[in-house]
Every structure is written in structure tokens, then in C-alpha cells.
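# Structural features, examined
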Amino acid sequence: MADAMKLYGTVLSAYVSRAKIALNIKGIKYENLEEDLSNKSADLLKYNPVFKKVPVLLHNGKPISESLVIVEYIDDVWKGVPILPQDPYERAIARFLAKFIDEKCIPVIKAVGSNGDEKAIAEACEQLQILENQLKVKGTKFFGGDNIGLVDIAADFIAYWHAIREEAAGIKFFTEDKFPKLTKWADDFVNSEAVKNTLPPREQMLAFYLKFFGKANGM
Ligand SMILES: N[C@@H](CCC(=O)N[C@@H](CS)C(=O)NCC(=O)O)C(=O)O
């Protein structure tokens, strides 16, 4: 019997897309369950009582929470195209970079508001430069090599959401000029088969960020 797979998520979430990308890479079919985060379902509260957040993957009735944990779980259970490197040291480095993206890089990028605070922009650029250098040293299309891996998936916010956020805020620092490798990577990543159908519609995302920045009328 085929495995029963359910994914609790919301369409706009970069964390949820991480799980979807991993499922796509492995070619796993799943039922997509859209949550209303202002009125969380009893299932979500039951399956993720600690954080009460999406994504939650339900595999044959067993819940797994936290996007990067889900990605690793999918990679552990389904062989085929690997998401993490096989070599233990390379695996450790991939996990380190994914942690860096989650705990340092994305928070400082999100700290840049719509007022163009120079200090916040400089800090965000400093963190993005670390990823730019990684790609330069590796010389590969993706952080994972020729194929998308854990670090690429962890950085999905940078590849897609961030540019839309910049547009809504009216600020641009993630440019080809400053980050030639990373902007090319972002383009390749969002256009890849496993990724493109997981991304929220651009217009919907832009409307969300315009509202977020108090510019809902496009002003
Ligand atoms: N560290 C979590 C973060 C997930 C997260 O922040 N999810 C948001 C949606 S983007 C959420 O469920 N928010 C609901 C809440 O905070 O109550 C992960 O990687 O899965």
C-alpha cells in the first residue's frame, strides 16, 4: 500500500515550500492541507503542540515538525536523488550552513524594513556575502552541486521571497552587481522543476508584503 502523506501548510510560507521541494525531489505524492494561521486547525495543534506552526508532515499518521527536520526525514526515508551529501563531513557542513541561514542570515535580512536603515542593509549584505563566497568557492550551480540540496532548500526565502519583499519595501540591495553568483543561483533555483510549483503566486506574495509594510494601496 502507498504511504499516506499529508502536508499541513500555508501557501505563502517559505518554510512550507521547503517541505514541498523535498517531496518533489523524491517524487512523493502528498495531500496538501491549507491552514488558516489565524484559526489553527485541531489537527495542527494536535500534531505540533510545541510550536503550533506549519509545516507539519504526517507520514502514515506520524507527525514530523520543523521544515529542516522534515527535509532530512524525507531524505532519510526515501532514497533516489539525495538531498544531503553522503560524506559525513560534507553533511555536517550542509547542516551548519542551513542553520546559519535560519538563525543568522534570514533574521538579519528580515530586519531590513522599509525605512532603508543603512546599518541593517550593511549587516544583511555581510551575511549574504558569506553565501556568495560559498558558491564562488564551490563553483557549482547549486550549493548542493549539480542538484538542489539541503542548503539550497534552506535558502528558498533568499531565492524567491526576498526580492518580492524588497519590491514591496522599495529597497534593493540583493543585486546582480553585488551578488553575481547568488542572484544567478536564485534564478536557477526558482526555475527548477522541483521548486517552481511550490512557490506562492508573485502577485499574492507582493500584496501580502505591501500590506505588511503598510503600503497596501501601492503607495
Ligand atoms: N522553524 C520553523 C518555522 C515555521 C514557521 O515560522 N511557520 C509559520 C508560518 S511561515 C507559522 O506557522 N506561524 C504560526 C505562528 O507563529 O503561530 C520551521 O522551520 O518549520
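Residues numbered from 1 in each chain as written. Predicted model: local features only at pLDDT ≥ 70, side-chain atom pairs only at ≥ 80, totals over all residues.

For the chain, an unreviewed UniProt entry supplies the name glutathione transferase and the organism Lactuca saligna. According to the UniProt record, the Sequence similarities (unreviewed entry) comment for the chain reads "Belongs to the GST superfamily. Tau family." UniProt lists a comment for the chain under the heading Catalytic activity (unreviewed entry), and it reads "RX + glutathione = an S-substituted glutathione + a halide anion + H(+)". (UniProt positions renumbered as here; feature names shortened; annotations may be inferred.)

You can see Glu34 is positioned in strand E2 (residues 31–34). Separated by 23 residues in the primary sequence, Glu34 and Val11 have C-alpha atoms spaced 7.1 Å apart. Filtering out sequence-adjacent residues up to four positions away, Glu34 remains in contact with Gly9, Thr10 and Val11. (Helix = DSSP H or I, 4+ residues; strand = E, 2+ residues; numbered from the N terminus. Contact = placed C-beta atoms within 7 Å.)

All residues adjacent to the ligand are Thr10, Ser13, Tyr15, Leu37, Lys52, Lys53, Val54, Pro55, Glu66, Ser67 and Leu68. Tallied by class, the residues present in the shell around the ligand amount to five nonpolar, three polar and three charged. (Near = placed C-beta within 6 Å. Nonpolar A, V, L, I, M, F, W, Y, C, P; charged D, E, K, R; others polar.)

This brings us to the UniProt feature "domain: GST N-terminal" (unreviewed entry) in the chain. The UniProt record marks residues 3–82 with the feature "domain: GST N-terminal" (unreviewed entry), using the residue numbering of this structure. The annotated region residues 3–82 carries 38% helix and 21% strand content, and the separation between its end C-alpha atoms amounts to 19 Å.

Now for unusual backbone geometry. Going from Val54 to Pro55, the amide bond is cis rather than trans, its omega being 5 degrees. The phi torsion at Lys52 lies on the positive side, around 55 degrees, for a residue other than glycine. In this structure, Lys52 sits in the loop between helix H2 (42–47) and strand E3 (56–59). By the C-beta count within 10 Å, which is 13 here, Lys52 ends up partly exposed. Here the phi dihedral of Glu66 falls at roughly 80 degrees; this positive angle occurs in a residue that is not glycine. Secondary-structure assignment places Glu66 in the loop between strand E4 (62–65) and helix H3 (67–77). (Buried ≥ 20, exposed ≤ 12 C-beta atoms within 10 Å, placed from the backbone.)

Time to look at helix H5 (residues 118–138). One turn of an α-helix holds 3.6 residues; hence residues three or four places apart share an orientation. Between its first and last C-alpha atoms H5 spans 30 Å; for 21 residues at 1.5 Å apiece the expected length is 30 Å, and the two agree. For H5, the set of buried residues is Ala124, Leu128 and Leu131. Buried residues of H5, viewed axially, fall in a sector of 45 degrees; they line one side. Exposed residues pointing more than 90 degrees away from the buried face of H5 are listed as Glu118, Lys119, Ala122, Glu126, Asn133, Lys136 and Val137. Buried residues along H5 sit in contact with helix H4 (88–110) and helix H8 (180–190). (Expected span 1.5 Å × (residues − 1). Arc of directions from axis to C-beta.)

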